[in-house]
Amino acid sequence: SWKGHALDRKIPLLRSQVALEKEALALFHTIGETKHTHVHTDSGVEQEFFLISKDHYERRPDLKVSGRTLQGSPPPKDQELADNYFGPIPSKIWNCINSVEKSLWKLGIPVTTRHREVAPNQYELAPVFTKSPVASDTNMIMMEVLKRVAHKHGFHALLHEKPFYGVNGSGKHNNWSVGTNIIPTVFSPGSKPIDNDIFLIFIAATIKAVDDHGDVLRFSISGAGNDHRLGAHEAPPAIMSVYLGDDVQGVIEKLLHNKDNIEPDLDVNLGIPYLTPFKRHTSDRNRTSPFAFTSNKFEVRAVGSSQRPAASNLVLNVILADSLKQMNHALKQELANGKSVKEAVQKVVKSTLQKHYRAIYNGDGYSSEWPIEAEKRGLLNLRTTPDVLKYFPSEKNFKLFESFGVLSRDELKAQISVDIETYCKTIHLEANSLRSLADRFILPAAAKYVTDLINVSGAKRRADVLNSYIEKGFEAAAELEKKRKKTNRIRTQ
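The structure presented is a predicted model; accordingly, all values stated were derived computationally and were not measured. (Residues numbered from 1 in each chain as written. Predicted model: local features only at pLDDT ≥ 70, side-chain atom pairs only at ≥ 80, totals over all residues. Heavy atoms only, no water.)

Participant: Please clarify how the sheet that holds strand β7 (residues 174-180) should be interpreted in this entry.
Facilitator: Hydrogen bonds between backbone atoms are what pair the strands of a sheet, whose relative direction is either parallel or antiparallel. Taken together, the 5 strands give an open sheet; going across it, the order is β5-β1-β7-β11-β10, and neighbouring strands pair in antiparallel fashion. Of all strands in the sheet, those bounded by a partner on one side alone are β5 (130-131) and β10 (291-293). The sheet contact formed by β10 and strand β11 (residues 298-300) spans 3 bridges and is antiparallel. If you follow F291 over to β11, its bridge partner there is V300. Across the sheet, helix α1 (residues 10-30) lies against β1 (39-45) and β7, angled at about 130 degrees from β1, the strand it touches most. Here helix α10 (residues 309-336) sits on the sheet in contact with β1, β7, β10 and β11, set at roughly 45 degrees to β7. (Pairing = 2+ DSSP bridges. Helix = DSSP H or I, 4+ residues; strand = E, 2+ residues; numbered from the N terminus. Contact = heavy atoms within 4.5 Å. Axes fitted to C-alpha atoms, helices over the stretch in contact; angles between N-to-C directions.)

Participant: How do you make sense of the pattern of salt bridges when you look at a structure like this?
Facilitator: In this structure the tally under the stated criterion is 26 salt bridges. Note that E144 and K147 form a salt bridge whose closest N and O atoms lie 4.0 Å from each other. Remark: K147 and E144 occur in helix α5 (residues 132-152); sequence separation between them is 3 residues, near one turn of the helix. The class for K147 is partly exposed, based on a relative accessible area of 33%. We note a salt bridge from E421 to K425, for which the minimum N-O separation is 2.7 Å. Placement of the pair is E421 and K425 together in helix α15 (residues 409-454), with a separation of 4 residues, close to one helical turn. Among the residues examined, E421 registers a relative accessible area of 42% and is labelled partly exposed. Members of the salt-bridge network, linked through shared partners, are E144, K147 and R148. (Salt bridge = Lys/Arg side-chain N within 4 Å of Asp/Glu carboxyl O. Buried < 20%, exposed > 50% of the residue type's maximum accessible area, 1.4 Å probe, protein only.)

Participant: Whenever I open this one, the packing of aromatic side chains confuses me. Can you help?
Facilitator: Geometrically, a pair of aromatic rings is defined through the distance of the ring centres and the angle of the planes. Applying the stated criterion across every chain, the model contains 12 aromatic pairs. Geometrically, the ring pair formed by F28 and F202 is tilted, given 5.9 Å between the ring centres and 35 degrees between the ring planes. A residue pair is termed long-range when its members are at least 10 positions apart, and F28 in helix α1 and F202 in helix α6 (residues 197-212) qualify at 174 residues. Comparing F28 with F202 shows no difference in burial state: the two are buried. Here the aromatic rings of F50 and F164 are separated by 5.4 Å at their centres, their planes lie at 75 degrees, and the arrangement is edge-to-face. With F50 in strand β2 (residues 47-53) and F164 in the loop between β6 (155-158) and β7, this residue pair connects regions lying 114 residues apart in the sequence. Ring pairing ties together the aromatic residues W176, F187, F199, F291, F293 and F298, which thus form one cluster. Across the ring face of F398, the terminal group of K413 is positioned such that the distance to the ring centre comes to 5.9 Å. (Phe/Tyr/Trp six-rings, centres within 6.5 Å; stacked < 30°, edge-to-face > 60°. Lys NZ or Arg CZ within 6 Å of the ring centre and 35° of its normal.)

Participant: Help me understand a nonpolar patch on the surface, please; the structure alone is not making it clear to me.
Facilitator: Together, L270, I272, Y274, L275 and F278 make up a nonpolar patch on the protein surface, roughly 530 Å² of accessible area in all. Within the element layout of this structure, L275 appears in the loop between β8 (267-268) and β9 (278-279). According to the relative accessible area criterion, L275 is partly exposed, its value standing at 39%. (Patch = residues over 30% accessible without salt bridge, like charges linked within 9 Å, V, L, I, M, F, W, Y side chains within 5 Å. Areas by Shrake-Rupley, 256 points an atom, 1.4 Å probe, with all protein chains shown as cover.)

Participant: Help me understand the pairing of strand β4 (residues 122-127), please; the structure alone is not making it clear to me.
Facilitator: A regular strand places its side chains on the two faces of the sheet in alternate fashion. For β4, the tally of buried residues reaches 6 of 6 residues, placing the bulk of the element in the interior. Relative to β4, β2 runs antiparallel, the two sharing 4 bridges. Counted as the bridge partner of Q47 is L125 from β4. Pairing of strand β3 (residues 111-116) with β4, which is carried by 5 bridges, proceeds in the antiparallel orientation. If you follow R114 over to β4, its bridge partner there is L125. As consecutive antiparallel partners, β3 and β4 are separated by 5 residues, and within that stretch N121 has a phi angle of approximately 65 degrees, a positive value.

Participant: Help me out: how do you make sense of the packing of helix α14 (residues 395-403) against α15 in this one?
Facilitator: To describe two helices that pack against each other, one gives the angle between their axes and the distance between the axes. Running from N to C, α14 and α15 cross one another at 120 degrees; their axes reach a closest spacing of 9 Å. Accordingly, the angle class assigned to the pair α14 and α15 is oblique. In this structure, the crossing between α14 and α15 has a hand that is right-handed. Residues E395, N397, F398, K399, F401 and E402 of α14 pack against R409, L412, K413 and I416 of α15. Residue classes in the contact of α14 with α15 are distributed as 4 nonpolar, 1 polar and 5 charged. (Parallel < 35°, antiparallel > 145°, perpendicular 65-115°, else oblique. Left-handed = near helix turned anticlockwise from the far one by under 90°. Nonpolar A, V, L, I, M, F, W, Y, C, P; charged D, E, K, R; others polar.)

Participant: For this particular structure, what's the right way to read the packing of α1 against α10?
Facilitator: Here α1 crosses α10 at 20 degrees, and the two axes come no closer than 8 Å. Our classification of the angle between α1 and α10 gives roughly parallel. As for the relative orientation of α1 and α10, their crossing is left-handed in sense. When the residues that make up the contact of α1 with α10 are grouped by side-chain class, the tally is 16 nonpolar, 6 polar and 3 charged.

Participant: Could you clarify how one ought to interpret α6 in this entry?
Facilitator: When the terminal C-alpha atoms of α6 are compared, their 22 Å separation across 16 residues agrees well with the 22 Å that a helix rising 1.5 Å per residue should span. Among the 16 residues that make up α6, 15 are buried, leaving the element largely enclosed by the rest of the structure. (Expected span 1.5 Å × (residues − 1).)

Participant: What should I look at first to understand the sheet that holds β3 in this one?
Facilitator: Strand order in the open sheet formed by 4 strands is β3-β4-β2-β6, with antiparallel pairing between adjacent strands. With one partner strand each, in any of the chains shown, β3 and β6 form the two edges of the open sheet. On average, each strand axis in the sheet is tilted by 30 degrees relative to the strand beside it, whichever way the strands run. Contacting β2, β3, β4 and β6, helix α4 (residues 91-106) runs over the sheet at an angle of about 160 degrees to β3. Contacts from α5 reach β2, β3, β4 and β6, with the element oriented near 155 degrees to β6.

Next up, the structure:
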């Protein structure tokens, strides 16, 4: 702003990098790891989207205004046979996506994967991971290139989180990790993770961060579009928890309870003599978790397809910096009491994991039992964006961002205000679009159909039934108009 406030997400993201590096290096210095002189975060952003015919798009006023269909009849077949995911890409779509990739490569954005997604006409593109600020920028460019190039090929790219009812929506999985000038990622377990102090510290700190600041992480992925997707058996629930997988969970159980981790059988023999047996990857994925550990990074699966990855990246940096700062203080106390570095690390990590163990959930996030269990654990379940925007502006959160110099109180208040206004206007535009759709298309078409039925022998009974539905439709449209006018009055006050 003209007063010097940061009103975007990029400046706070860069500030959060500085804050995280400062706290991480201070902790490294405490435990004698002085060779680490630089800390950064990496991000690999997977972009999901729909491609539909531009002609079809132009015929849908609701799609043009709100980015999603507000009314419509479901198709005879959609995704129930699970035959879309990783299926062959149609030639016209392939040509379009290939043009997108070439355009991105020319801009210095190396796209490495593309494939079909679960829903019909849904796809995904993903570039090579890179530093978080760069990854955030390149994703914004990718979305713009997608829309422009798609038009040249007769398509329209839909980036809304839920453009069609009844089929999967689109997300933007953010693969986030922390590295140094010595270690590509601190989340790499190594051959003996139980003895890997850096790995244990950062895993414990991340679990603590999600537990302490689940509301902040939830704020970073809130939005009207994402509300349609979260917890809808296609995306993680709105409850912020951490999935670790069998291997890392085994390490934690060993550390906390001295339980021996049962080594999994990794050998795979397909029973075909001329196919060599091989070992499967140790990493497993839980697609129902909002924050899942995958091999040597965390995958933030709850980010919406139209959202800026900078928001989740900066929040992850800040909440991890806060955890590292507190753990560093605890480590210094243990060292001052005469403990060795190894003893201090083991005690602080164990204490942190015990205190924040409730945030670990390796089960089915889609299950009806999980929200009940999460409530027992004391985890937040902020289901909608209004719930988030009401809960988030707390003194704890203002102090969190202020203390690390990432966002001043005024800057954070401005971002909250923008998010509130964006949400309200989005819902208002959808109401306007639905009202127009009913008045101009749905009700006139229904009335004409009833008129046609009257002239058909034996169709009077059906016409009477349809008339009752049309009457209800007019009543609903009138009620919607009242609420729309009321909203208009509030907006002008």
